[in-house]
Amino acid sequence: MPPFCSLTDEESEAAGRDCMEHVRRGGDGPLVPAASVVAAGEKGEVRAALLVVLKPPGYRDDPWRWDSWRNTSAPDPAVDAGKAQAHLDWVFVSPWYAGNGVASSLLARSAIALRDFGHASLTSSFMLGNGESMAWHWRNGFELLPNPASMRNFQRRLREAGAHP
Ligand SMILES: CC(C)(COP(=O)(O)OP(=O)(O)OC[C@H]1O[C@@H](n2cnc3c(N)ncnc32)[C@H](O)[C@@H]1OP(=O)(O)O)[C@@H](O)C(=O)NCCC(=O)NCCS
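Rules and cut-offs
- Residues numbered from 1 in each chain as written.
- Predicted model: local features only at pLDDT ≥ 70, side-chain atom pairs only at ≥ 80, totals over all residues.
- Helix = DSSP H or I, 4+ residues; strand = E, 2+ residues; numbered from the N terminus.
- Buried ≥ 20, exposed ≤ 12 C-beta atoms within 10 Å, placed from the backbone.
- Contact = placed C-beta atoms within 7 Å.
- Near = placed C-beta within 6 Å.
- Nonpolar A, V, L, I, M, F, W, Y, C, P; charged D, E, K, R; others polar.
- Pairing = 2+ DSSP bridges.
- Axes fitted to C-alpha atoms, helices over the stretch in contact; angles between N-to-C directions.
- Expected span 1.5 Å × (residues − 1).
- Arc of directions from axis to C-beta.
- Core = buried A, V, L, I, M, F, W, Y, C linked by C-beta atoms within 7 Å.

Let's talk about the overall build of the protein
Within the protein, the regular secondary structure consists of four helices and four strands. The secondary structure elements of the protein, listed N-terminal to C-terminal, are α-β-β-β-α-β-α-α. A total of 165 residues make up the protein; the buried ones form 19% of that total. Within the protein, counting contacts between residues at least 6 apart in sequence, those at least 24 apart form 69% of the total.

Here it is in structure tokens:
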């Protein structure tokens, strides 16, 4: 699916590896290994994964602050529960195993770990046009928040900064 569907298999695999390396480096915010889960087959092959990162406090109400913890070292999720926003950064299931509740099970495991750390909420996002992801989030009880890329919000921000009539 977009943005990977137009790539060749090799390009797509390389892009996937780059994305995972980016997450491992903390490029989307510090990774929370204890709340990130992988479903593997008998030979250790990855069938599905769900990766959780930490976003700055207030991220839920103001996703524009998404960038401020980029590439920072991981705060201890146990210590920083009250200060950080847990964020579902990636969830993917091999097409061979999709439609069997795998992603929902990974989410349940992750949510238990996050709750044990004291996190009260989990944010997530999906690309417009990714209907299966939207349906999956809806089915798992996520609440739809205002679109952070809304033009009205963008213009309001410019006005507040005195840069828009
Ligand atoms: C989206 C994705 C993670 C779902 O994984 P999954 O293990 O198949 O999902 P589940 O079986 O837990 O689905 C639970 C519910 O989500 C909804 N859902 C999931 N896939 C759906 C689809 N293709 N079409 C419509 N609804 C879907 C259904 O309501 C489903 O419940 P049901 O089986 O009772 O109908 C998986 O399809 C995937 O990896 N997609 C490609 C990567 C991606 O888009 N990731 C999300 C990026 S934000």
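There is more to say, and it comes next.
Regarding the site of the ligand
Neighbouring the ligand are 18 residues, the closest being Ala98, Ala103, Ser104, Glu132 and Ala135. Tallied by class, residues from the shell around the ligand come to 10 nonpolar, six polar and two charged.

Focus: helix H3 (residues 131-139)
Among the nine residues in H3, zero count as buried, and that is only a small part of the element. Just past H3, the residue Gly141 takes up positive phi, approximately 90°.

Regarding the environment of Pro33
Secondary-structure assignment places Pro33 in the loop between helix H1 (9-24) and strand S1 (37-40). For Pro33, a count of 13 C-beta atoms within 10 Å translates into the label partly exposed. Taking the C-alpha atoms as reference points, Pro33 and Val52, 19 residues apart in sequence, are found 7.5 Å from one another.

Side note on the sheet that holds strand S2 (residues 46-55)
Strand pairs in the sheet, formed through backbone hydrogen bonds, run parallel or antiparallel to each other. Overall, mixed pairing links the four strands, which are arranged S1-S2-S3-S4 in an open sheet. The open sheet has two edge strands, S1 and strand S4 (122-124), and neither has a second partner. Geometrically, the sheet is characterised by an average inter-axis angle of 25° between neighbouring strands, direction not taken into account. In terms of strand pairing, S1 meets S2 through four bridges, oriented antiparallel. Bridge pairing links Ala40 to Val46 in S2.

A closer look at helix H2 (residues 102-117)
Helix length check: H2 (16 residues) gives 23 Å between terminal C-alpha atoms against 22 Å at 1.5 Å per residue, within 8%. Buried within H2 are the following residues: Ala103, Leu106, Leu107, Ser110 and Leu114. Looking straight down H2, one finds that the buried residues subtend no more than 100° of arc, so they occupy a single side. Close packing links the buried residues of H2 with S1, S2, strand S3 (85-93), S4 and H3. Where H2 terminates, the next one or two residues include Gly118, which has phi positive at roughly 100°.

Quick notes on the nonpolar core
Grouped together as the largest cluster of nonpolar side chains are 18 residues, with contacts concentrated most on Val32, Leu50, Leu51, Val52, Val53, Ala86 and Ala103. Looking at which element gives the most residues to this core, the answer is S2, with six residues. In this structure Ala86 touches Val32, Ala35, Val52, Leu54, Leu114, His119 and Leu122, once residues within four positions along its chain are discounted.

With respect to the environment of Leu54
Examined against the element boundaries, Leu54 turns out to sit in strand S2. In the structure, Leu54 is positioned 34 residues away from Leu88 in sequence and 8.7 Å away in space, judged by C-alpha atoms.

Points about the environment of Ser121
Here Ser121 lies in the loop between H2 and S4. When the C-alpha atoms of Ser121 and Arg60 are compared, they prove to be 8.9 Å apart, with 61 residues separating the residues in sequence.

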